[in-house]
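What follows is the residue order along each chain.
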Amino acid sequence: MSTKATPESSQGVRTSASSHSHPDLLDLARHLSAEEQERLQRIEAYVQENVRHQSIEPWHHEQLPIDMLHGLGDLGVGELFLDGSSQLFQGLAHIAVARADVSISAVVGIHNELIVGTIESLGSAEQKEHWLPGLRRLRTLGAFCLTEPDHGSDIAGGLATSATFEGNSWRIRGSKRWIGLGTVADVAVIWARDTSDGHIKGFLVPTDTPGYRAHKITNKTGLRIMQNAELELDLTLPESALMPKATSFAATSEGLRGSRAWVGWQAVGAQQALLDTARHHALTRTQFGKPLASFQLVQTALATMAGNLAVSTAFMGELARLQEANQLTMLRATLAKATLTRLARESAATARDVLGGNGILSTHEVAKIAGDIDAIYTYEGSYGINMLIAGRELTGVSAFV
Ligand SMILES: Cc1cc2nc3c(=O)[nH]c(=O)nc-3n(C[C@H](O)[C@H](O)[C@H](O)COP(=O)(O)OP(=O)(O)OC[C@H]3O[C@@H](n4cnc5c(N)ncnc54)[C@H](O)[C@@H]3O)c2cc1C
């Protein structure tokens with residue numbers, strides 16, 4: 001095919017450039033109420049203006065830009081789990097944040113799904129009253145402490161942190177690894193195995209409790225803003241620290257099902273950012289006297305990314321309807337998490353190629369996003385473990401060991 005631009009094709013480039021300036025290729029937001037559409041636009045505007053470019057420096061320096069979280073808290077992004085928002089609105093809000101920065105989206109998503117969600121679903125009335133007001137506004141931060149240095153994928157059977165009830169208090173001893181916000185959180189949701197009945201139980205622990213020690217994990221190649229930590233725990237807690245409904249691994253698993261689906265929304269937001277960045281570069285970089293966007297191979301790359309994005313968006317749009325009907329099965333959640341992070345990884349490699357040498361500079365966003373996608377491919381259960389859970393759901397046969 002000739003690369004000479006016809007009037008139609010050159011107009012086509014211009015038209016598609018403007019008509020797709022919003023990257024939701026399927027326009028899922030049309031299903032929201034007018035009020036939720038307006039709220040989503042405010043969040044999108046805030047993160048594009050205050051997070052997207054501003055997060056690059058803190059990402060390089062592994063710093064948490066707390067003012068961005070406060071800004072999101074002021075827009076109600078810390079209370080999505082509690083404020084009656086539709087599932088679709090919650091998902092589109094997560095997309096908007098992930099499109100601007102995947103680390104900030106990881107903080108906000110874990111906050112909603114695993115901190116606020118766990119306390120609301122499993123905590124006592126006193127625990128909710130004490131912690132939720134600050135958490136709702138993102139002025140109080142939480143850490144979800146499940147993974148351990150020696151137990152990642154096998155955490156359900158292997159969890160070794162112990163909880164012993166000693167008269168009128170709990171003694172918690174053990175260590176944790178990869179804990180998001182572990183060094184900066186105000187409250188920790190800590191999972192430990194009760195030495196009396198062998199069940200995994202959940203405790204709510206202020207991080208200034210003596211015996212809570214956190215060490216930041218440095219040199220990550222993705223989610224560098226997220227402040228992951230290794231914890232050493234030797235805690236004495238009042239009886240009331242136990243969350244009344246967090247008395248088995250089934251309670252943890254329930255929350256993890258929702259948070260796996262949430263990673264799917266993150267993968268959509270990250271793919272939107274890859275597409276905007278690669279498309280902008282293709283339209284503005286000239287080689288052989290023409291914009292990169294005029295070359296067939298580059299258009300194929302962009303169209304492949306757009307196809308991955310459209311498929312991912314459609315999956316999550318339908319998943320939101322199923323969640324609304326309380327039909328988020330483990331099969332659906334694991335397929336969303338694993339499949340969409342796989343597609344996002346493929347798109348990250350494609351976008352990185354479109355940027356040429358600039359694709360390895362994190363100042364051009366694509367390398368930063370690619371590193372972040374590699375991290376979300378692993379957390380909330382690695383790709384392989386999510387596929388094994390899906391395989392077990394499909395066949396009724398466990399292939400873990
Ligand atoms: C950036 C980041 C943030 C995180 N945040 C948190 C957090 O806030 N709180 C928290 O509790 N945890 C957190 N995690 C931990 C995360 O959930 C674990 O990293 C994840 O579950 C994998 O565990 P692992 O790293 O120990 O890998 P491993 O379990 O050692 O697995 C290594 C590899 O072996 C494969 N594998 C393992 N077992 C099998 C098997 N039976 N069959 C086939 N393949 C297998 C896995 O798929 C993987 O590819 C975070 C992790 C990361 C990277």
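Residues numbered from 1 in each chain as written. Predicted model: local features only at pLDDT ≥ 70, side-chain atom pairs only at ≥ 80, totals over all residues. Heavy atoms only, no water.

Participant: Looking at this structure, I do not really get helix α13 (residues 383-395). What am I missing?
Facilitator: Because an α-helix completes one turn every 3.6 residues, residues spaced three or four positions apart along the sequence face the same direction. Its 13 residues give α13 an end-to-end C-alpha distance of 18 Å, which sits within 8% of 18 Å, the value for a rise of 1.5 Å per residue. Listing the buried residues of α13 in full gives Y383, I385, N386, I389 and A390. Structurally, α13 contributes buried residues whose contacts are with α9 (249-284), α11 (330-354) and α12 (366-378). One or two steps after α13, the chain reaches G396, where phi turns positive at roughly 80°. (Helix = DSSP H or I, 4+ residues; strand = E, 2+ residues; numbered from the N terminus. Expected span 1.5 Å × (residues − 1). Buried < 20%, exposed > 50% of the residue type's maximum accessible area, 1.4 Å probe, protein only. Contact = heavy atoms within 4.5 Å.)

Participant: How should the packing of aromatic side chains be read in this particular structure?
Facilitator: For any pair of aromatic rings, the description rests on two quantities: the centre-to-centre distance and the angle between the ring planes. According to the stated counting rule, one finds six aromatic pairs in the structure shown. Between W262 and Y379, the aromatic rings sit 6.1 Å apart at their centres with planes inclined by 40°, giving tilted as the arrangement. Here Y379 lies in the loop between α12 and α13 and W262 lies in helix α9, a separation of 117 residues in the sequence. Residue class for Y379 comes out buried when judged on its relative accessible area of 15%. A centroid spacing of 5.0 Å and a plane angle of 10° characterise the contact between Y377 and Y383, whose relative ring orientation is stacked. When the ring centre of W178 is taken as origin, the NZ or CZ atom of R177, which lies over that ring, is 4.9 Å away. For R345, the ring lying beneath its charged end belongs to Y377, and the centroid distance is 4.1 Å. (Phe/Tyr/Trp six-rings, centres within 6.5 Å; stacked < 30°, edge-to-face > 60°. Lys NZ or Arg CZ within 6 Å of the ring centre and 35° of its normal.)

Participant: Help me understand the layout of surface pockets, please; the structure alone is not making it clear to me.
Facilitator: Empty space among the atoms can be located by rolling a probe the size of a water molecule over them. In this structure, the largest pocket occupies an estimated 1,100 Å³ of space. Forming the walls of the largest pocket are 37 residues, and the residues nearest its centre are T147, T378, Y379, E380 and G381. Among the elements of the structure, α6 (102-122), α8 (155-158), β3 (169-180), α9, α12 and α13 are those that each provide at least two residues to the lining of the largest pocket. Among the residues making up the lining of the largest pocket, the classes are represented as 19 nonpolar, 12 polar and six charged. (1 Å grid on protein atoms, 1.4 Å probe; cavity = no way out; pocket = protein on both sides within 12 Å on 5 of 7 lines; lining within 4 Å. Points joined across faces, edges and corners; volume = space filled by probe spheres on them. Nonpolar A, V, L, I, M, F, W, Y, C, P; charged D, E, K, R; others polar.)

Participant: Teacher, can you tell me more about the site of the ligand here?
Facilitator: By nearness alone, 19 residues border the ligand, and F144, T147, S153, S382 and F400 come closest of all. Here a nitrogen atom of the ligand and a backbone polar atom of F144 are 2.8 Å apart. Between the ligand and the protein, one listed contact pairs an oxygen atom with a side-chain N or O atom of S382 at 2.6 Å. Expressed as a share of its isolated accessible area of 970 Å², the protein-covered part of the ligand is 66%. Judged by the fraction of its atoms near the pocket grid, the ligand is located in the largest pocket. (Near = heavy atom within 4 Å. Polar contact = N/O pair within 3.5 Å; in protein donor to acceptor, adjacent residues only side chain to side chain. Areas by Shrake-Rupley, 256 points an atom, 1.4 Å probe, with all protein chains shown as cover. Sits in = over half its atoms within 2 Å of the grid points.)

Participant: Would you take a moment to explain the domain arrangement of the protein chain for this structure?
Facilitator: How big an interface is tends to be expressed through the accessible area that disappears when the partners come together. Domain annotation for the protein chain reports domain 1 (28-136), domain 2 (142-247) and domain 3 (250-395). For domain 1 and domain 2, the distance between their C-alpha centroids amounts to 23 Å. Taken together, the 26 residues of domain 1 in the interface contact 29 residues of domain 2. Interface area, domain 1 with domain 2, both sides summed: about 2,200 Å², of which 72% is carbon and sulfur. (Domains from an automatic or database assignment. Buried area = accessible area lost by both parts, 1.4 Å probe.)

Participant: Looking at this structure, I do not really get the pairing of strand β4 (residues 187-194). What am I missing?
Facilitator: In regular strands, side chains alternate between the two faces of the sheet. Summarising burial for β4: seven of the eight residues are buried, a large majority. In this structure, strand β1 (residues 142-145) lies alongside β4, joined through four bridges in parallel fashion. Counted as the bridge partner of F144 is V189 from β4. Note: strand β2 (residues 162-166) against β4, two bridges, orientation parallel. (Pairing = 2+ DSSP bridges.)

Participant: Got a minute to help me understand α11 in this structure?
Facilitator: Over its 25 residues, α11 extends 36 Å from the first C-alpha to the last, a length consistent with the 36 Å expected when each residue adds 1.5 Å. Backbone geometry just after α11 places G356 at a positive phi near 55°.

Participant: I tried to follow the pairing of β3 on my own but got confused; where do I start?
Facilitator: Of the pairings in the sheet, the one linking β2 to β3 comprises five bridges and is antiparallel in character. From the neighbouring strand, S162 faces β3, where its bridge partner is R173. What sits between the antiparallel neighbours β2 and β3 is a turn of two residues, in which G167 has the positive phi angle 75°. One ladder, built from 10 bridges, connects β3 with strand β7 (residues 228-238); its direction is antiparallel. The partner of K176 across the bridge, within β7, is L231.

Participant: Looking at this structure, I do not really get the packing of α11 against α12. What am I missing?
Facilitator: Axes are the key here: two packed helices are described by the angle between their axes and the distance separating the axes. Where α11 contacts α12, the two axes come as close as 9 Å, and the packing angle between them is 160°. On the basis of the axis angle, α11 is roughly antiparallel to α12. Relative to α12, the crossing made by α11 is left-handed. For the pair α11 and α12, the contacting residues are K337, T341, R342, A344, R345, A348, A351 and R352 in the first and V366, A370, I373, D374, I376, Y377 and T378 in the second. Considering only residue class, the contact of α11 with α12 consists of eight nonpolar, two polar and five charged. (Axes fitted to C-alpha atoms, helices over the stretch in contact; angles between N-to-C directions. Parallel < 35°, antiparallel > 145°, perpendicular 65-115°, else oblique. Left-handed = near helix turned anticlockwise from the far one by under 90°.)

Participant: What is the right way to read the side chain of N308 from this model?
Facilitator: Tracing the backbone through its elements, the reader meets N308 in helix α10 (residues 296-324). Look past the residues within four positions of N308 in its chain and what remains in contact with it is Q271, L343, E346 and S347.

Participant: What exactly am I supposed to notice about the nonpolar core here?
Facilitator: Nonpolar side chains tend toward joint burial in soluble globular proteins. Counting residues in hydrophobic clusters, the biggest one holds 115 residues, and the most contacted among them are L72, I104, F144, W191, F203 and Y379. At 14 residues, the largest contribution of residues to this core is made by α9. I104 has contacts with V51, P65, M68, L69, L72, V97 and I225, leaving out every residue within four places of it along the chain. (Core = buried A, V, L, I, M, F, W, Y, C linked by side-chain atoms within 4.5 Å.)

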